[in-house]
Every structure is written in C-alpha cells, then in structure tokens.
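Chains, contacts and geometry: an overview
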Amino acid sequence: LECAKAMKMQRTLLFLALLALPCALAEITCGQGGIVCPAADQIGKTPDGSCVNGMSSWTNLFGYKTYNNLPYDGMCSFFGGVPALAEGLGWFIIVGLGGIFSLAVSACIYFGEKSVPQRHQEEVKTSEHFNSAGRIIPSGLCACDIVSKWTWAATLLQSSNVAYAYGVSGPFWYAAGATIQVLLFSILAIEIKRKCPSIHTVLEVVLARWGTPAHLVFLFFCILTNFIVTAMLILGGAAVVNAVTGVNIYAASMLIPISVVFYTMQGGLMACFVSSWGHVTVIYLALLIFLWKVYAGPSELGSTDKVWENLMSAALKYPVPGNYDGTFLTMWSRSGIFFGIINIVGNFGTVFVDQSYWQGAIAARPSATYKGYLLGGIAWFAIPFSMATTLGLAGRAFDLPITMNESGSGLVPPAVAVHLLGPGGAFLVTFQLFMAVTATGSSEQVAVASLCVYDVYKRYFNPNVTGKQIILLSRVGIAIWGVISGVLSIVLLNIPGINLGWVYQAMGNFIGSAVCPIVFALVWKDCTAVGAIGGALGGLIGALIAWVVVAAEYGGGQVTVQTLAHENAFLSANIIALFLSPLISVILSLPSPQNYNWADLTKITEGYLIEEDRHAHVDTQMLEEDSPEAMDKALYWTTRTGAVMTFVLLVAWPLLALPQYNFTKSYFGWWGAVAFILGH
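Residues numbered from 1 in each chain as written. Predicted model: local features only at pLDDT ≥ 70, side-chain atom pairs only at ≥ 80, totals over all residues. Heavy atoms only, no water.

Going by an unreviewed UniProt entry, the chain carries the name Urea transporter and comes from Hemiselmis andersenii. The Sequence similarities (unreviewed entry) comment attached to the chain in UniProt states, word for word, "Belongs to the sodium:solute symporter (SSF) (TC 2.A.21) family." Per UniProt, the chain has the following entry under Subcellular location (unreviewed entry): "Membrane". (UniProt positions renumbered as here; feature names shortened; annotations may be inferred.)

Thoughts on the environment of Leu-70
Structurally, Leu-70 is set in the loop between β2 (55–56) and α2 (87–114). Given a relative accessible area of 47%, Leu-70 falls into the partly exposed group. Sequence separation between Leu-70 and Asn-131 is 61 residues, and the spatial gap between their C-alpha atoms is 53 Å. (Helix = DSSP H or I, 4+ residues; strand = E, 2+ residues; numbered from the N terminus. Buried < 20%, exposed > 50% of the residue type's maximum accessible area, 1.4 Å probe, protein only.)

Looking at the pattern of salt bridges
Taken as a whole, this structure holds 9 salt bridges when the rule is applied. Taking the shortest distance from any N to any O, the salt bridge between Arg-194 and Glu-191 comes out at 2.5 Å. Here the residue Arg-194 and the residue Glu-191 both occupy positions in helix α7 (residues 169–195), the gap between them amounting to 3 residues, near one helical turn. Looking at Arg-194, the relative accessible area reads 27%, which means it is partly exposed. Between Lys-195 and Glu-191 there is a salt bridge, with its nearest N and O atoms 3.4 Å apart. Residue Lys-195 and its partner Glu-191 are both found in helix α7; the two are separated by 4 residues, about one turn of the helix. Comparing Lys-195 with Glu-191 shows no difference in burial state: the two are buried. When salt bridges that share partners are traced, they join Glu-191, Arg-194, Lys-195 and Asp-632 into one network. (Salt bridge = Lys/Arg side-chain N within 4 Å of Asp/Glu carboxyl O.)

Side note on the nonpolar core
Ranked by size, the top nonpolar core spans 191 residues in total, and within it Trp-152, Phe-185, Phe-218, Tyr-373, Phe-385, Phe-668 and Trp-671 carry the most contacts. Considering each element in turn, this core owes the most residues, 16 residues, to helix α9 (residues 212–245). For Phe-385, the residues in contact, after removing those within four places along its chain, are Pro-171, Phe-172, Ala-175, Trp-653, Trp-671, Val-674, Ala-675 and Leu-678. In this structure, Ile-109, Val-282, Phe-431 and Phe-434 belong to the second largest nonpolar core, which totals 17 residues. (Core = buried A, V, L, I, M, F, W, Y, C linked by side-chain atoms within 4.5 Å. Contact = heavy atoms within 4.5 Å.)

Focus on the confidence of the model for the chain
For the chain, per-residue confidence averages 85 on the pLDDT scale, and residues scoring 70 or more make up 91% of the total. Overall, residues 1–26 carries pLDDT values under 50, and its contacts beyond four positions in sequence, including any with other chains, amount to 21 contacts. (pLDDT = per-residue confidence, 0-100.)

Looking at empty space enclosed by the protein
Evaluated as defined, the whole model comprises 2 cavities of 30 Å³ or more. By volume, the largest cavity is sized at about 70 Å³. Along the walls of the largest cavity sit 13 residues, with Thr-230, Leu-233, Pro-257, Gly-441 and Gln-445 positioned nearest its centre. Per-element accounting of the lining of the largest cavity gives the leading share, 5 residues, to helix α19 (residues 423–460). For the lining of the largest cavity, the residue count by class is 7 nonpolar, 5 polar and 1 charged. (1 Å grid on protein atoms, 1.4 Å probe; cavity = no way out; pocket = protein on both sides within 12 Å on 5 of 7 lines; lining within 4 Å. Points joined across faces, edges and corners; volume = space filled by probe spheres on them. Nonpolar A, V, L, I, M, F, W, Y, C, P; charged D, E, K, R; others polar.)

Thoughts on the layout of surface pockets
Volume-wise, the second largest pocket comes out at about 710 Å³. Together, 27 residues line the second largest pocket, and Asn-161, Ala-165, Tyr-166, Met-404 and Gln-505 are the ones closest to its centre. Among the elements of the structure, α6 (158–166), α17 (404–408), α21 (500–511), α24 (561–564) and α25 (567–589) are those that each provide at least two residues to the lining of the second largest pocket. If one sorts the elements of the lining of the second largest pocket by residue count, α6 sits on top with 5 residues.

Looking at helix α27 (residues 628–657)
Taking 1.5 Å per residue, 30 residues should reach 44 Å; α27 reaches 42 Å between its end C-alpha atoms and fits that length. At Val-648, α27 shows its maximal bend, which comes to roughly 40 degrees. Inspection of α27 places Met-631, Ala-634, Leu-635, Thr-638, Gly-642, Thr-646, Leu-649, Trp-653, Pro-654 and Ala-657 among the buried residues, and these make up the whole buried set. Buried residues along α27 sit in contact with α7, α16 (366–397) and α28 (665–678). (Expected span 1.5 Å × (residues − 1). Bend = angle between axes of the 7 residues up to and from the residue.)

What about the packing of helix α23 (residues 529–554) against α25?
The N-to-C vectors of α23 and α25 enclose an angle of 155 degrees; their axes lie 7 Å apart at closest approach. Here α23 lies roughly antiparallel to α25, going by the angle between them. Crossing hand, α23 versus α25: right-handed. Of the residues in the contact of α23 with α25, the class split is 17 nonpolar, 11 polar and no charged. (Axes fitted to C-alpha atoms, helices over the stretch in contact; angles between N-to-C directions. Parallel < 35°, antiparallel > 145°, perpendicular 65-115°, else oblique. Left-handed = near helix turned anticlockwise from the far one by under 90°.)

The structure is reproduced here in structure tokens:
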C-alpha cells in the first residue's frame, strides 16, 4: 500500500513537472541563436517618431523588404503610401461581393420557406417566425451563429493589436477573456427555455418581473450596447477598407451596415442563421491560410523557431514596459493582465446585455441552447487566439513600420497580410473582415428592431399590434438602424483620439453595471425592482466617476480623450461597473425580498405572444431531449461545465504558463502548435 502511494505521488509530480516544462529561463543573448542585435540609435525608435518631411531614420531590424521588393527603411508608417489594392476593388468587395452574398442568402431563405411542409406553410409567414426563427434552430447552426456574431472587427483586429503591443499574453487574454461569457450564457439560455420560452426579448423578462420603470432603464442599456457593438464593427471595418483600398472612410462607414440590410429585411432572424455558415467559412479559411503561411509556409518566417528568434530580437529594439525582461514571449505582462481584466468585464456587458445573444437562445430548440452556446464558445476561442498569435506576433517578428496609431485602429492584420501575400493578402483580410463585420451587423439590426417593436411600439404605443404590423415595423426598424449606425460611426470618426481600441476598452464602463441585474432577473427570485434599477444606475455612476477621477490623476488634472484612455482609468471603471452593481442590488433587495414565483413568469410571458407558436410553450415539446425534465438535467451539467471551463481558461492555463517567465524556443513551439491545432 505504501509503495502504491509513493508511485501515485511520483506520477503526480511527474505530470505537474511535464506541464511546467521547459522551465529554464530563455536569455536574450545578442548575436547568438539567430538573435539579431539592433543598432544603438534604433532602440525604441518608431517610424512616425523620427519622421521629417515624409522620411524617417527608422530601419527594419532584419532588412526585410515589401512584397514588391522595396525597402521598408525610411518609411514613416506602413499605410502612409499607396494602398495595396485599387480603390475599385474595395468598392467591389463592399458593393459587389456584398450584393452577391445578399442574393445568395435571400435565395436560401426563399427556397427554405418553399421546402416547408404544406401544413406548416403559414407558420413561416408569422411575426413569431420572423423575429424568433420558429424557435427550432438546431445546435450546430446555433453554434455557427454564435461564432459568426461574436467575431467582431475587434476579434480580428484588436486581438492582433494587443499581441503587437504586449506579446503572447495579448492573444490569450483576448480569447479567454471573451470566451467565458458565452460559456456562462449557456446557463441563461437554458433558463429561458425552462422559465419563459415565449419571450421575444430580454426586456420582456424585466417587464414581467419588475414593471415599467425597470423596463425603461434596461431598454436604455440594451440600446446603448447595440450602439457600442455596431460602432466597433464599423470603426474597425471602415478603417481597414480605407487603409487597404483607399475607399473613402465615410462612404465605407455607411455602406458596410447597409450591405446586409436587404437580406435581413427579407428573412429576419432566420437570415442571420442562414448567413452565419457562409460568414464562418470565409473567416476560418482565411485564418488557415495565414497560419500556414507564417508558421509552416514559404515566408521569411515559416516556423515557430524563426518567429521566436525574431521576437527575441524585436524585444531588444522595442522592450515592452511591464513585461518580464521586456520580452514579447511571456505571460508575466502587467499591461496584458490589465487588458485581460478590462476585456473580461467589458465583454460580460456585450453578451449579457446584448439582445442578439438572447434572441439566439430564444430561437434555438431547448436541447440546442446549451449545446450550441458551449460548442460555439469553444470554437470561437480559436479565432482571436490563433489569428493574433499569427498576425499580431508576425507584425513584430517582421519588424514592419506599423505606428501605434495604425495598430490602435486595427491595421496590424492587413499590414502583415500585405507583407506576406501582397495584394492577394490585402484582398483576403479585407474580405474576411467584411464577412465578420456584416455577420454581427445583421444580428444587431434584428436585435434593435425587436427591441423597438416589442419593447417600445407594442408596449407603449399599440398593445394590440398585429403580426403583419410587427413584420412591417421590424423591416423598417432594420433599415433605419442600418442608416443610423453608419451616421453615428461617422460622428465617432470625427472625434480625435477615438478609434477601435478606445471604444473596445471603454465599453465595460458604460454597460458593465447592467450585467448582474439582468442575470438576477432569471436566477435570483429575491431581487427587487429597486435593487435592479439601483444596481444598474449606481454601478454606471460609480464607474464614470472612477473613470474621470483616475484619468485626471494620471493626466495632470486634465480629462481628455487621451487621458481617459489610460489603462488604469479603463481598469478601475470597468471593475467598479461590474462589481459595484451586484453589491447595490443585494443591499437594496435583502430588506424586502421579492420572493418571485417563477411560474408567474411563464404565465405572464406566454401572454406576450402575438401569434400562436407551437414551440413557445414549456409543456408542449415533442422530443424527450426537449422536455422540462431534460432541461433540468441539462442545467445541472451546463452549470458545472461552464464553471470548469472558466476555471481552466482564467486560472489553470495562465498559472501553468507562469513558471516559463521568458518562453524558450521549445516552449514557444508548443504554444504555436496549440494555436495551429485550434485554428484547424
């Protein structure tokens, strides 16, 4: 017995040792192991920082040249010259390919409706089907939709920006910090099917539980969330299209959201699900091409070993403040951890307060909700992690003349794509981005239209609205939001200092306080209306005060767009928004708890149906896996699965990487292999 215990202990220690290997610290030794030494006058020098009359004294560390064999030396920025693509090709991507894709989706919707059995033909013409997709979406398509609408412009651009700025910690914290929200939302997706399968929007739950004042407060937060998400899509997409093709940035801002209006107006929520497959296909194919080109294909890099050598060299030229030994190859990154916290907090808001995620859960079959959200979250993790570990790090490994302003605008991926593949790379990354932006854009349009129709028009203007009127008004709402979102993005473009990175890190300040009260609406029976409203508004006020105070402290008493962008200001405001809110809600609710009866929620929300929907009732599910009993069991396992995966991503994985202070060549080879495998 003692011998068995000793052997078990040895196996355990060996397993832990293998996880942490190799633990020897990698040393930056100039001139050895392929590491290139920068000239003394080049250390810390940036292309734009030494630019005079259009010429810079900056030089490429490795002597690399452009795709057409011109030197990078002397350039003031990467995209300061002629765009990589002709302007006409940019218009073709936005208008031509956008139009072709719209026609293809419209055709799929048309023939899909024609293929429905005759006895169910009338169902596909109802407002319930238009805004809830019949509540019959299977798990695979649900997962595809999650990947599609969670892949923002920021997923492809901002993830590479933080990789370019902080090194390997950036892609990990972006991916992990935005995956756990989808995994945890799967719990709420099941609760929808258990307690209120008849709803159209999350605000109908708020209205049923807490009445009109709470309904109006959370309507403000939901619309604000949709605006922030849409703005980030357009800011990132328009900046890339403008930089790569020369298309006017204001024209791109207007045309990108409008390009998906037509098929979304035709098919409603079902159009989002149908189009998601095409969006995800293009996004993954482009990702695979970049992965192979950087880590396995013909290029100046072509292997993880070469990437490691060049990143070690780049750290000598551009040591990263707050990173261990200034290296890009470490998880010991102060700014990386700060960004991770900001990312986690902010993305709770853009999932839990975004109507598009609630409508995805509403549209799915009961058994498909948790499967779709868990599978979608896992599949999505690979996109920012693999994309940024590839293109973001390659931007440093090539030592391209990318300025921090270009990086903040999300231009690292197109710059690397142009370097690797020339005009072909520019076209590929632009088309990939266009598909990502339009995927989320169509979901946001349906989300805003649903909120306006069900929670504004029906609630406050016409309680007796008909199904045909709902469809008409939804289509009008989709078109109007497509135009408004473009106009609002143009306004943001004209505010100096505001770009994709700024909005991304600020979003949690505005909407993070609404997360916990909305969750309480479905999981805590004692939360009162006063507690929910107080938590949401109190958290918002506290976050804004903290943001301004910290910005003023680090800005010498000045509060500007630039001082508000300080990482400590973003961090403090995000944390207060998320954690002050539930504290206030609990304090205000406990003296007089609501003790809500969940059966009342089911009964009240069934009254919100405008037209009969046989899939919108708890007790009429036809399959055993969709039964209330099956949902109870699914809730048990989903809660534990979500908790375990959250622990793995936020605690276990980072802790196992910390012993490797500065990644060795073999350890980075393993890290790159993980990104390579996940991307496939």
